[in-house]
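Analysis of the macromolecular model
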Amino acid sequence: DGSNASGVVLDPKTGEVRALVGSADYGNEKWGKVNMVTTPRQPGSTFKPVYYSYALADGVITPATVLQDKVMDFGGGYVPRDADRNEASRGQATVRQALAWSLNIPSVHTMQAYSIDKSIKAANNLGISEVKTDNNYGLALAIGSVETPLLTMTRAYAAFANEGQLPEVQMIQQINDKFNKKIFAVSTSTKQVISKEGAYLLSNILSDNTTRSQKFGSSLTVPGRTVAVKTGTTNDNRDAW
């Protein structure tokens, strides 16, 4: 069980915040008085779609591309493992399987093929400014080693749901004066940060219940709805997204 929880609902077309819960209990003196929606945390595997989407958009990979899933040293002693430790029996996985099952080793191969520099640029394009171009992250970046707020990641995902267009986050929709006269109204804007095709392929993989259920069962399925889903777990299970 977690000690705290937060959530945010963002309209992907306008960027308007429809709901925001920053803490499970504001009255808790130890951890309640913090807005976890805007506090940077490691995103874990929820970072994977950032570079997968651009690698798909640029044709470096396709959903059917086969990736190696074997324990190896990627250099400098970096030896990632899949969460289920079942690499030996798989040996390989398609891009669709790797992302739907949240496999770490194939994801590191994907970032290696696309390049760390381009992955950093992809993150920046999607509004994840916490990922800096002058930092030497190494391939650990592939599994979400850089801290970033939930609101920032949610905005990035909004682009996947909005045909590649990234919205500006809007906290206030309208302000009226004491005479109920409108004195401010939000002006929504978006910018194309990834191709429609890249956004579609990424969303298609993340909404593939058939593939995902082989690993997660029906726990992430929303009956009667087509919903793109990605989970993330950080080091020592400290955070769950």
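It should be emphasised that the depicted structure is a prediction, and the values quoted were computed from it without experimental measurement.

**Side note on the pattern of salt bridges**
- Tallying each qualifying case throughout the model produces ten salt bridges.
- Arg-18 serves as the salt-bridge partner of Asp-11, at 3.1 Å between the closest nitrogen and oxygen.
- Judged by its relative accessible area of 18%, Asp-11 falls in the buried class.
- For Arg-18, the salt bridge identified is with Glu-16, shortest N-O distance 2.9 Å.
- A relative accessible area of 10% means that Glu-16 is categorised as buried.
- The structure contains a network of salt bridges with shared partners spanning Asp-69, Asp-82, Asp-84 and Arg-90.

**A word on the side chain of Ser-102**
- Mapped onto the fold, Ser-102 is located in the loop between α3 (95-100) and α4 (104-114).
- In this view, Ser-102 contacts Ser-45, Lys-48, Gln-97, Lys-230 and Thr-231; residues no more than four positions away in its chain are not counted.

**Points about the packing of aromatic side chains**
- Per the counting criterion, the structure on display carries four aromatic pairs.
- When the ring of Phe-47 is compared with that of Tyr-51, the centres are 6.1 Å apart and the planes differ by 50°; the resulting orientation is tilted.
- Taking relative accessible area as the criterion, Phe-47 reaches 2% and is therefore assigned buried.
- Grouping aromatic residues by their ring pairs yields a cluster made of Phe-47, Tyr-51 and Tyr-52.
- Just above the ring of Tyr-26 sits the side chain of Lys-33; from NZ or CZ to the centre is 5.0 Å.

**Re the packing of helix α1 (residues 48-57) against α4**
- The contact between α1 and α4 brings their axes to 10 Å, and the two run at 50°. By the angle class used here, α1 and α4 are oblique. Between α1 and α4 the crossing geometry is left-handed. Residue-level contacts link Lys-48, Tyr-51, Tyr-52, Tyr-54 and Ala-55 of α1 to Asn-104, Pro-106, Ser-107, Thr-110, Met-111 and Tyr-114 of α4.
- Its residues placed into classes, the contact of α1 with α4 shows seven nonpolar, three polar and one charged.

**Side note on α4**
- For α4, the tally of buried residues reaches nine of eleven residues, placing the bulk of the element in the interior.
- For α4, every residue scored as buried is listed here: Asn-104, Ile-105, Pro-106, Ser-107, Val-108, His-109, Thr-110, Met-111 and Tyr-114.
- In this fold, the buried residues of α4 make contact with α1, β3 (66-69), α2 (87-90), α3 and α5 (116-125).

**Remarks on a nonpolar patch on the surface**
- A cluster of nonpolar side chains, Leu-20, Met-171, Ile-172, Ile-175, Ile-183 and Phe-184, forms an exposed patch at the surface whose accessible area comes to about 540 Å².
- The residue Leu-20 is located in strand β2 (residues 17-21) in this model.
- The class for Leu-20 is partly exposed, based on a relative accessible area of 34%.

**Re helix α6 (residues 150-161)**
- Over its twelve residues, α6 runs 16 Å from end to end, which matches the ideal 16 Å to within 8%, given 1.5 Å per residue.
- Counting buried positions over the twelve residues of α6 gives ten, a clear majority of the element.
- All of the buried residues in α6 are Leu-150, Leu-151, Thr-152, Met-153, Thr-154, Arg-155, Ala-156, Ala-158, Ala-159 and Phe-160.
- Those residues of α6 hidden inside the fold are in contact with β1 (7-10), α1, β5 (165-167) and α7 (196-206).
- Looking one or two places after α6, you find Glu-163, whose phi comes out positive at around 55°.

What counts and what doesn't
Residues numbered from 1 in each chain as written. Predicted model: local features only at pLDDT ≥ 70, side-chain atom pairs only at ≥ 80, totals over all residues. Heavy atoms only, no water. Salt bridge = Lys/Arg side-chain N within 4 Å of Asp/Glu carboxyl O. Buried < 20%, exposed > 50% of the residue type's maximum accessible area, 1.4 Å probe, protein only. Helix = DSSP H or I, 4+ residues; strand = E, 2+ residues; numbered from the N terminus. Contact = heavy atoms within 4.5 Å. Phe/Tyr/Trp six-rings, centres within 6.5 Å; stacked < 30°, edge-to-face > 60°. Lys NZ or Arg CZ within 6 Å of the ring centre and 35° of its normal. Axes fitted to C-alpha atoms, helices over the stretch in contact; angles between N-to-C directions. Parallel < 35°, antiparallel > 145°, perpendicular 65-115°, else oblique. Left-handed = near helix turned anticlockwise from the far one by under 90°. Nonpolar A, V, L, I, M, F, W, Y, C, P; charged D, E, K, R; others polar. Patch = residues over 30% accessible without salt bridge, like charges linked within 9 Å, V, L, I, M, F, W, Y side chains within 5 Å. Areas by Shrake-Rupley, 256 points an atom, 1.4 Å probe, with all protein chains shown as cover. Expected span 1.5 Å × (residues − 1).

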